[in-house]
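# Residue-level structural notes
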Amino acid sequence: MLYITLIICFALSVFITPFIKKFAFLIGATDRPNQRKVHQTVMPRLGGLAIYISFIIGMLLVYPVNQFSLAILVGSFIILITGILDDLFELPAKYKLIGQLAAACTVVFWGNLQVNFINLPFGGQLQFGFLSIPFTIIWIVGITNSINLIDGLDGLAAGVSSIALITISGMAIIQGNFYVMAVGLIVLTSTIGFLIYNFHPASIFMGDTGALFLGYIISVLSLLGYKNVTFISFVIPVIILAVPISDTFFAILRRVIHKKPLGAPDKQHLHHCMLRMGYSHRQTVLLIYAMSAFFGLIAVIYSQARIGGAIFLIAVVILMIEIIAEKIGLVGRNYRPILNILQTLRTNTVKNR
């Protein structure tokens, strides 16, 4: 039944999206070009509604049983409404945050989804205690915004989310977690159906309706797959989502260094930097896809590694991300601490020869 449902979700998404496009123009849910946008013409957004409708129908067909199911679905509806309102009226950041918090709190308080503790690699446990609730909420809201922030090029957020969903669903299959696998694959096929219209040159954007929903569902699925486990396995979803998480982290760092509000928009995100380096729109998207797939593969390898190897792999991944960020100027042209150290070592080595 699941295989048939996945085909239905894909077909529904492909079928529904053109109607959503017409509906978006009809109600004025459009994205107009400005100095911060890459596109040059008025584009319909609200495309995420096609993903959501396909997802809901898929869930009704399969109806995977889980104690969190109802809370997740209610939370997804709250985040959907938040996205639709933003695509229509461009909500102030504080109202979008209220919607995200409401969706996260629905899962945390009603669904009782909380990260209570982590088993440490060398023995003992890290108990979150009263911090388990804020930690879980911050995770959901943070990942939701990370996916939203990378939604800056045709097909970028949909593709990166799809790669993350493939990795999460694949690892759920290995672990025998049917619920995470089923929900992940339903969202995946719904997203791929939409991606046909969203890949460059896109005819419709997913808008916040799609980006917020995908970020929300990915954040929840990652918690369902790895909560209350070892420190090593808890890092897995962080690696899977390394691209959106690191882009968000460096955006925050960039604004702190330049003394700008955290919510201030700019054109310094990963995709903006790569476009300035001379890559085309399509090349930039495909390269970021490749990065996401690479980190997904690293996550799978990491999950099978022993403690020493896993810690070493974490260090390598962090160093790699930092060097890439400095190379492309993700924080700023003058932010090059690691590259400056490497340059100094190289210079000293040459002098000592």
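Here we summarise the structure given alongside this text. Everything quoted here is computed from the prediction, not taken from an experiment.

### Side note on the pattern of salt bridges
All told, the structure shown has three salt bridges when counted by the stated rule. Among the ionic pairs, Glu-90 bridges to Arg-45, the shortest N-O distance being 3.1 Å. Here Arg-45 lies in the loop between β2 (43-44) and α2 (48-62) and Glu-90 lies in the loop between α3 (69-89) and α4 (93-110), a separation of 45 residues in the sequence. Between Lys-96 and Asp-86 there is a salt bridge; the shortest N-O distance is 3.7 Å. Taken together, the positions of Lys-96 in helix α4 and Asp-86 in helix α3 put the pair ten residues apart, joining distant regions of the chain. Note on accessibility: Lys-96 and Asp-86 belong to one class, buried. Residues joined in a network through salt bridges with shared partners are Asp-86, Lys-96 and Asp-208.

### A few points about helix α14 (residues 307-328)
In a regular helix each residue adds 1.5 Å, so 22 residues correspond to 32 Å; α14 covers 32 Å between its end C-alpha atoms and thus fits that length. Looking only at α14, the buried set comprises Ala-310, Leu-313, Ile-314, Val-317, Ile-321, Glu-322, Ala-325, Glu-326 and Ile-328. Positioned one or two residues after α14, Gly-329 has a phi angle of 75°, which is positive.

### Let's talk about the packing of aromatic side chains
Overall, the coordinates contain seven aromatic pairs when judged by the stated rule. Summarising the aromatic geometry, the rings of Tyr-52 and Phe-55 are spaced 6.0 Å apart at their centres and angled 50° between planes, so their arrangement reads as tilted. A residue pair is termed a helical-turn pair when its members lie 3 or 4 positions apart in one helix, as Tyr-52 and Phe-55 do in helix α2 at three residues. Here Tyr-52 matches Phe-55 in class, with each residue buried. Centre to centre, the rings of Tyr-52 and Phe-213 are 5.3 Å apart; their planes meet at 85°, and the pair counts as edge-to-face.

### Describing the side chain of His-281
By the secondary structure assignment, His-281 is in helix α13 (residues 281-304). At a separation of 3.0 Å, a polar atom in the side chain of His-281 contacts the main-chain amide nitrogen of Asp-154.

### Overview of the packing of α2 against α3
Interaxial distance between α2 and α3 falls to 11 Å at its minimum, and their mutual angle equals 165°. Judged by the inter-axis angle, α2 sits roughly antiparallel to α3. Crossing geometry of α2 relative to α3 is assigned as left-handed. Residues Leu-49, Tyr-52, Phe-55, Ile-56 and Met-59 of α2 pack against Leu-73, Ser-76, Phe-77, Leu-80 and Ile-84 of α3. The residue makeup of the contact of α2 with α3, split by class, is nine nonpolar, one polar and no charged.

Analysis parameters
- Residues numbered from 1 in each chain as written.
- Predicted model: local features only at pLDDT ≥ 70, side-chain atom pairs only at ≥ 80, totals over all residues.
- Heavy atoms only, no water.
- Salt bridge = Lys/Arg side-chain N within 4 Å of Asp/Glu carboxyl O.
- Helix = DSSP H or I, 4+ residues; strand = E, 2+ residues; numbered from the N terminus.
- Buried < 20%, exposed > 50% of the residue type's maximum accessible area, 1.4 Å probe, protein only.
- Expected span 1.5 Å × (residues − 1).
- Phe/Tyr/Trp six-rings, centres within 6.5 Å; stacked < 30°, edge-to-face > 60°.
- Polar contact = N/O pair within 3.5 Å; in protein donor to acceptor, adjacent residues only side chain to side chain.
- Axes fitted to C-alpha atoms, helices over the stretch in contact; angles between N-to-C directions.
- Parallel < 35°, antiparallel > 145°, perpendicular 65-115°, else oblique.
- Left-handed = near helix turned anticlockwise from the far one by under 90°.
- Contact = heavy atoms within 4.5 Å.
- Nonpolar A, V, L, I, M, F, W, Y, C, P; charged D, E, K, R; others polar.

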